[in-house]
Amino acid sequence: MKELVVTDPVTPLTHFKLRRVLNEPEACLRVLSQTGQFSAMDPLVDGERCGIANRVSLSGVGSSKLRPLETACETALRLAMWDQHGVQPAGQTHFGQAIRELRHIGSYNCRAIRGATNRMSTHATAASIDIRGVVLADGTSVDLLSDWNGSVAQQGFLRDVRDAGCQWFSTVLGPEYNALHADHFHFQNQGWGTCR
Ligand SMILES: [Zn+2]
């Protein structure tokens with residue numbers, strides 16, 4: 001079977017191909033290089049419970065720039081699929097234009113889950129990323145905090161990209177989940193399908 005191509009239309013085989021690529025570190029880097037702007041880095045080892053395997057410094061996916069971000073290739077590739085098949089189409093649908101930047105508030109963070117004392121967050125291995133909004137091609141920002149309940153277009157866009165996130169990540173937490181997520185989407189590689 002042909003390897004995943006990020007820009008190919010989504011078919012019933014796409015998720016199967018994606019899972020194969022995500023399970024093989026070299027394949028992840030190879031496929032990410034189709035549309036991602038990044039440099040591969042040595043793994044980060046940060047104590048017993050924190051670090052980043054298959055670490056990249058990511059500065060863009062497709063036509064969307066990112067403030068340079070250290071994350072895992074697997075997180076970056078899911079983000080690339082979300083941008084290609086979720087964010088860019090939603091930009092056209094709701095605003096008639098492309099998205100030029102994904103605004104994030106980080107991926108790697110060696111910490112426990114908020115409100116839990118002992119369980120580590122998926123951020124401790126960069127297996128998640130927090131997105132606070134986007135910048136449209138014309139320079140307009142769309143932010144969760146100010147626009148989740150904004151105009152019809154803003155509301156439609158943000159709900160569409162949240163729902164699209166659920167296709168490419170295993171867990172998505174946003175404003176409808178709890179107040180901790182009023183200002184960002186938490187996109188997480190593992191989990192049980194929570195999508196709110
Ligand atoms: Zn998060």
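Scroll up to find the structure.
Since the structure is predicted, the reported quantities are computational estimates derived from the model, not experimental observations.

Peer 1: Got a minute to help me understand the pairing of strand E7 (residues 128-136) in this structure?
Peer 2: In summary, the side chains of a regular strand alternate between the two faces of the sheet. For E7, a buried count of eight out of nine residues is recorded, marking the element as mostly surrounded by other parts of the structure. As paired elements, strand E6 (residues 99-104) and E7 share five bridges and run antiparallel to each other. By the bridge assignment for E7, histidine 104 is matched with isoleucine 131. When E7 meets strand E10 (residues 185-188), the two strands line up antiparallel, connected through four bridges. By the bridge assignment, isoleucine 129 is partnered in E10 with phenylalanine 187. Bridge count between E7 and strand E8 (residues 141-143): three bridges; the pairing is antiparallel. The partner of valine 134 across the bridge, within E8, is valine 142.

Peer 1: What is the right way to read the coordination of the zinc ion from this model?
Peer 2: At the metal site, the zinc ion is ligated by His123 (NE2), Asp130 (OD), Asp130 (OD) and His186 (ND1), and these contacts range over 2.0 to 2.8 Å. Geometry at the zinc ion is irregular, judged from the four donor atoms that bind it and their angles of 51 to 157° at the metal. Summarised as a motif, the one-chain spacing of the donors to the zinc ion is H-x6-D-x55-H. According to the relative accessible area criterion, histidine 123 is buried, its value standing at 2%. Residue classification places aspartate 130 among the buried positions, given a relative accessible area of 7%.

Peer 1: Honestly, helix H5 (residues 152-168) in this entry has me stumped. Any pointers?
Peer 2: In an α-helix, one turn spans 3.6 residues; hence positions three or four apart end up facing the same way. Over its 17 residues, H5 extends 25 Å from the first C-alpha to the last, a length consistent with the 24 Å expected when each residue adds 1.5 Å. For H5, the full list of buried residues reads Gln154, Gly156, Phe157, Leu158, Arg159, Val161, Arg162, Ala164, Gly165 and Trp168.

Reading the values: the criteria
- Residues numbered from 1 in each chain as written.
- Predicted model: local features only at pLDDT ≥ 70, side-chain atom pairs only at ≥ 80, totals over all residues.
- Heavy atoms only, no water.
- Buried < 20%, exposed > 50% of the residue type's maximum accessible area, 1.4 Å probe, protein only.
- Helix = DSSP H or I, 4+ residues; strand = E, 2+ residues; numbered from the N terminus.
- Pairing = 2+ DSSP bridges.
- Donors = N, O, S within 2.8 Å, 3.2 Å for Na, K, Ca; no water.
- Tetrahedral: all angles 85-135°; square planar, octahedral: opposite > 155°, others 65-115°.
- Expected span 1.5 Å × (residues − 1).

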